[in-house]
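This is what each chain is made of:
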Amino acid sequence: MTVTLFKSGDAGYIRRLIGRIAGMQEQKIIGRRERAVGHVVFNNPAKLNAVSLDMWDGFVSILKDFAQDPEIRCLVVSGSGGKAFVSGADISKFESERANAEAQVRYDAISKEGYEALYDFPKPTIAKITGYCIGGGMNLAACCDLRYCNEGARFGVPAAKLGLGYGFLRIERFSRIVGLPRAMEFLFTAKQYSSKEAYDMGLVHGVAADAELDTMVDGITGAIAQNAPLTIALAKAAAREIAKPESKQDHAKLDRMAEACFDSEDFKEGRRAFMEKRKPAFKGR
């Protein structure tokens, strides 16, 4: 063990260090990179990771940085504290942020930017869900490509219990995952569903015990990270085009991305690795 002694003149440094540590603890949105995986953590456990406007701003900022980082191959979105992924909007802020229709328009614009930034993120996105995934948490999960949860996870859309209006995009994306009849049941009843029910309806791709969820998600991110980034980017872009009306689908864009795959160094590396019976080392170019 190493012990560092500070002289009296170091008091200012110690105060600054304590301030930085406290600031990190108070951050409601945390972004970090672990090798090829970007992580965004909603860090408001005292309120079950409920989201306020300032948290949406931080979320969008982190996503923009991660999208431009060539070292990041995929993104994991999670909540801190173990009791919730995201429990929806911070109801305690409704009086200041959503008190009337005008304020709601502003809130919707900012939160929509967050949802769209996640939905349009150019790399694979994974929702790692522990505990409550409610309201806005469901919207976030629906914007991700893949979803995994612990056995104690609970899912619900309580809008009908609060008098909130759900817009087209939220219902459309959710219904694309679980089907329109099931989505209507969520919205009409405002009831909560278990992890098993979520898995059975196709809402989540896998369910794990609390101690095993990280391992499950790490296995998925590891598999993604070792594969060819350009091929994966094309697959995700194609999925987003499929979700559009046929008249608005950009097939030419997908053709260009496919051509770029065949002209890439990674395609050469993939062929050589196969012939040499070794794992490929893809670079994303």
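In this report, we go over the structure that sits alongside the text. Please read all numbers here as calculations on a predicted model, not as lab measurements.

1. Digging into a negative patch on the surface
At step 1: On the surface, D250, D255, E259 and D263 cluster together into a patch of negative charge.
At step 2: Assignment of secondary structure puts E259 in helix α12 (residues 251-262).

2. Points about the packing of helix α7 (residues 168-178) against helix α8 (residues 180-189)
At step 1: With their axes 7 Å apart at the nearest point, α7 and α8 run at an angle of 125 degrees to one another. Relative to α8, the element α7 is oriented oblique. Between α7 and α8 lies a crossing whose hand is right-handed. Contacts from I171, F174, S175 and V178 in α7 reach L180, R182, A183, M184, F186 and L187 in α8.
At step 2: A class-by-class count of the residues in the contact of α7 with α8 yields 8 nonpolar, 1 polar and 1 charged.

3. Remarks on the packing of aromatic side chains
At step 1: Across all of its chains, the model carries 7 aromatic pairs by this definition.
At step 2: Their ring planes at 80 degrees and their centres at 6.5 Å tell us that F42 and W56 sit as a pair that is edge-to-face. You can see F42 sitting in strand β2 (residues 37-42) and its partner W56 sitting in helix α2 (residues 53-67), a full 14 residues away along the chain. Here F42 and W56 have matching classes, each one buried.
At step 3: Between F262 and F267, the ring centres sit 5.3 Å apart and the planes meet at 90 degrees, which makes this aromatic pair edge-to-face.
At step 4: Here F262 falls in the exposed class, since its relative accessible area comes to 58%.
At step 5: Given a relative accessible area of 32%, F267 falls into the partly exposed group.
At step 6: Members of the aromatic cluster, joined through ring pairs, are F42, W56, F59 and Y115.

4. Some thoughts on α7
At step 1: All buried positions along α7 are accounted for by E172, R173, F174, S175 and V178.
At step 2: G179 sits one or two residues past α7 and shows a positive phi near 95 degrees.

5. Points about the nonpolar core
The tendency in soluble globular proteins is for nonpolar side chains to be buried side by side.
At step 1: Membership of the largest hydrophobic core comes to 45 residues, with the highest contact counts inside it found for F155 and L203.
At step 2: Counting residues per element, this core draws most heavily on α2, which supplies 7 residues.
At step 3: Counting 10 residues, the second-largest nonpolar core is a separate cluster that includes I126, Y148, L213 and I224.

6. Some points on unusual backbone geometry
At step 1: The phi angle at N49 is positive, at roughly 60 degrees, despite the residue not being glycine.
At step 2: Its place among the elements puts N49 in the loop between β2 and α2.
At step 3: One non-glycine residue with positive phi stands out, namely K277, at about 55 degrees.
At step 4: Here K277 lies in the segment after α13 (265-275).

Parameters and conventions
Residues numbered from 1 in each chain as written. Predicted model: local features only at pLDDT ≥ 70, side-chain atom pairs only at ≥ 80, totals over all residues. Heavy atoms only, no water. Patch = residues over 30% accessible without salt bridge, like charges linked within 9 Å, V, L, I, M, F, W, Y side chains within 5 Å. Areas by Shrake-Rupley, 256 points an atom, 1.4 Å probe, with all protein chains shown as cover. Salt bridge = Lys/Arg side-chain N within 4 Å of Asp/Glu carboxyl O. Lys, Arg positive; Asp, Glu negative; His and termini not counted. Charge placed at Lys NZ, Arg CZ, Asp CG, Glu CD. Helix = DSSP H or I, 4+ residues; strand = E, 2+ residues; numbered from the N terminus. Axes fitted to C-alpha atoms, helices over the stretch in contact; angles between N-to-C directions. Parallel < 35°, antiparallel > 145°, perpendicular 65-115°, else oblique. Left-handed = near helix turned anticlockwise from the far one by under 90°. Contact = heavy atoms within 4.5 Å. Nonpolar A, V, L, I, M, F, W, Y, C, P; charged D, E, K, R; others polar. Phe/Tyr/Trp six-rings, centres within 6.5 Å; stacked < 30°, edge-to-face > 60°. Buried < 20%, exposed > 50% of the residue type's maximum accessible area, 1.4 Å probe, protein only. Core = buried A, V, L, I, M, F, W, Y, C linked by side-chain atoms within 4.5 Å.

These results come straight from atomic positions and should not be treated as a statement about function.
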